[in-house]
Amino acid sequence: MQAPFPILMYHSIDTRCAPAYRRWTVSPSRFAGQLACLKSLGITPFTISDMVARMRAGTLPERAIALTFDDGLADFARHALPILRQFEFPSTLFVATGYVGGTAEWLAELGEGDRKMLDWAELSALKHFGVELGAHTHTHPQLDLLPVQEAEREIALSRQLLERHTGRLITSFAYPHGYSTPAIRGMVHRMGFTAVCRVADALSRPGEDPLALSRIIVTEQTSDSELARLVRGRGERVSPPLDSWKIRAWRDYRLVRSKLVGMTGRPA
Ligand SMILES: [Zn+2]
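Computed from a prediction, not measured in an experiment: that's the story for all the values here.

The phi dihedral of His-177 is positive, around 65°, even though this residue is not glycine. Within the element layout of this structure, His-177 appears in the loop between strand S8 (172-174) and helix H6 (182-190). One non-glycine residue with positive phi stands out, namely Ala-200, at about 70°. The topology assignment puts Ala-200 in strand S9 (residues 195-200). When the 24 C-beta atoms within 10 Å are taken as the criterion, Ala-200 is described as buried.

Structure, rendered in structure tokens:
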């Protein structure tokens, strides 16, 4: 039986960020170091769609890995892409389409509301560089707190805009903040998405639900030895259960809070 494998989750690749956003920012130099480490470990990198296709076919090689980037920040093209190209790594970029060409307004609470986003021309050009695009909703809401129709509109609009502006077929999706429910996963399945990511901060495994793939949060502090451990399939957590009582309790808390103080956004 094949070992668990890491699907890595990045957000910003940049030298500067607001203090509250540090967990979601990796410097370009450390990012290059992490890719050099992965390369030396003999990994085989995939886009998330290719990884799921290999999982389905039972042809995923040992030391498979996927690199994913959430949100569609401008620093992806400026900092991450040149390093990805240098190491010849494919990747998947999940885009919150409501902010394309503008700024990451939903990050205002973390002091990053002015962080620049990619524009449509930049997103379209990524097809030349092994970058898969995936939907990530339109306004980056906590989907599990929304009425079902509103959640569906968020997901559908995100895909529709990506397809219209880039001419590419969009089959992958990432839940903003990683939050989903059985109803939302069913909706995403009916909409035809085939490779869908949550967060979980855990390793994925062959046979994991492709509508809720576990990802590992990579930070500036993620060391080479930790990456080596993950690539060898040794993580503390592997594909944790969906909809556990802890997850449900956290959702209830967020629901109450959102009613008291309004919806707030955090990255992921
Ligand atoms: Zn996000």
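Once the structure has been displayed, the description carries forward.
Before going further, it helps to examine the pairing of strand S5 (residues 64-71). Regular strands place their side chains on alternate faces of the sheet. The buried fraction of S5 amounts to eight of the eight residues, a majority that puts the element mostly inside the structure. As paired elements, strand S1 (residues 7-10) and S5 share four bridges and run parallel to each other. Looking at the pairing, Met-9 lines up with Thr-68 of S5. Pairing of strand S4 (residues 44-46) with S5, which is carried by three bridges, proceeds in the parallel orientation.

Glancing now at the packing of helix H1 (residues 28-40) against helix H7 (residues 224-231). As a packed pair, H1 and H7 sit with axes 10 Å apart at the nearest point and diverge in direction by 40°. The angle between the axes of H1 and H7 places the two elements in the oblique class. The two elements H1 and H7 meet at a crossing, and its hand is right-handed. Judged by residue contacts, Gln-34, Cys-37 and Leu-38 of H1 engage Asp-224, Leu-227 and Val-231 from H7. Considered class by class, the residues forming the contact of H1 with H7 number four nonpolar, one polar and one charged.

Analysis parameters
Residues numbered from 1 in each chain as written. Predicted model: local features only at pLDDT ≥ 70, side-chain atom pairs only at ≥ 80, totals over all residues. Helix = DSSP H or I, 4+ residues; strand = E, 2+ residues; numbered from the N terminus. Buried ≥ 20, exposed ≤ 12 C-beta atoms within 10 Å, placed from the backbone. Pairing = 2+ DSSP bridges. Axes fitted to C-alpha atoms, helices over the stretch in contact; angles between N-to-C directions. Parallel < 35°, antiparallel > 145°, perpendicular 65-115°, else oblique. Left-handed = near helix turned anticlockwise from the far one by under 90°. Contact = placed C-beta atoms within 7 Å. Nonpolar A, V, L, I, M, F, W, Y, C, P; charged D, E, K, R; others polar.

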